[in-house]
Amino acid sequence: MIEFLQFFVLTLLAFCMFFGLGFIINMLMKTTWFPIYGYILFLIVFFIWSSGSGSFWDNLKAWLTWDGIPLISGLGGAILSGYMIKLLRVKGYKMF
């Protein structure tokens, strides 16, 4: 039970963290989709750094669903931040 609770909190935290970071980056840089590219670059660096020994593809295949869902949740937060900024700009809000 506690493992599921930790997994749920991690997934929610990843979503909220990357939504917030993406929203702030979008406001400051005025680039709608830059946080998504930054997140993908973050994932590539993370996979290469965490690979340790063995090839990149072997380590990527070894990840389980439980490892990938929080990462996908973070990507969802970055994507949603881009859509949210785009929607706010269409509605007339000007950020910085």
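Coordinates for the structure precede this section.
Our subject in this report is the structure included herewith. Because the structure is predicted, anything quoted here is derived from the model rather than measured. What you see as residue numbers is a count from 1 along each chain, following the sequence as written. Local features are withheld for residues below a pLDDT of 70 in this predicted model, meaning they are given only at 70 or higher, and side-chain atom pairs are given and counted only at 80 or more; totals for whole chains, interfaces and linings count all residues. Side-chain numbers come from the whole structure's heavy atoms, not from hydrogens or water.

1. Section: the side chain of serine 73
Filter applied, for reference: To qualify as a helix, a DSSP run of H or I must reach at least 4 residues; to qualify as a strand, a run of E must reach at least 2; elements of each kind are numbered from the N terminus. Relative accessibility under 20% of the residue-type maximum defines a buried residue, over 50% an exposed one, and the middle range a partly exposed one, all with a 1.4 Å probe and only protein chains included. Two residues form a contact once any of their heavy atoms are found within 4.5 Å.
Within the secondary structure layout, serine 73 lies in helix α4 (residues 65-90). The class of serine 73 is buried, set by a relative accessible area of 14%. Beyond its immediate chain neighbours, meaning those up to four positions away, serine 73 contacts Thr11 and Phe15.

2. Examining the nonpolar core
What tends to happen in soluble globular proteins is that the nonpolar side chains get buried as a cluster. In plain terms, the rule: Nonpolar core, defined: a set of buried Ala, Val, Leu, Ile, Met, Phe, Trp, Tyr and Cys residues in which side-chain atoms within 4.5 Å join the residues together.
Listed in full, the 7 residues of the largest apolar core are Phe18, Ile36, Tyr39, Leu43, Phe47, Leu71 and Ala78. At the level of elements, α2 (34-51) and α4 are the ones that each hand at least two residues to this core. The leading source of residues in this core is α2, at 4 residues.

3. Considerations on the environment of isoleucine 36
Inspection of the secondary structure puts isoleucine 36 in helix α2. The exposure class assigned to isoleucine 36 is buried, which follows from its relative accessible area of 13%. The spatial distance from the C-alpha of isoleucine 36 to the C-alpha of glycine 76 is 9.0 Å, given a sequence separation of 40 residues. With near-sequence residues (within four places) excluded, isoleucine 36 lies in contact with Leu75, Ala78 and Ile79.

4. Let's talk about the packing of aromatic side chains
Using the following cut-off: Any pair of Phe, Tyr and Trp rings, taking the six-membered ring for Trp, is counted once the centres come within 6.5 Å. Such a pair is stacked with planes under 30 degrees apart, edge-to-face with planes over 60 apart, and tilted for the rest.
In this structure the tally under the stated criterion is 7 aromatic pairs. Through pairs of rings, three or more aromatic residues link up here, namely Phe18, Tyr39, Phe42 and Phe46.

5. Brief notes about α4
Formally: The length a helix should cover is 1.5 Å for every residue beyond the first.
With 26 residues, α4 should reach 38 Å at 1.5 Å per residue; the first-to-last C-alpha distance of 37 Å fits that figure. After α4 finishes, the residue glycine 92 shows a positive phi value of roughly 105 degrees.

6. Section: the packing of helix α1 (residues 2-29) against α4
Rule in force here: Every axis in this analysis is a line fitted to C-alpha atoms, fitted for helices over the stretch in contact. Angles between the N-to-C directions lie between 0 and 180 degrees. With the far helix as reference, a near helix turned anticlockwise by less than a right angle produces a left-handed crossing, and one turned clockwise produces a right-handed crossing. Asp, Glu, Lys and Arg are counted as charged, while Ala, Val, Leu, Ile, Met, Phe, Trp, Tyr, Cys and Pro are counted as nonpolar; the rest, among them Gly, fall into the polar class.
Two numbers describe how α1 lies on α4: the axes approach to 7 Å, and their chain directions differ by 35 degrees. In the packing of α1 onto α4, the handedness of the crossing is right-handed. Considering only residue class, the contact of α1 with α4 consists of 16 nonpolar, 9 polar and 1 charged.

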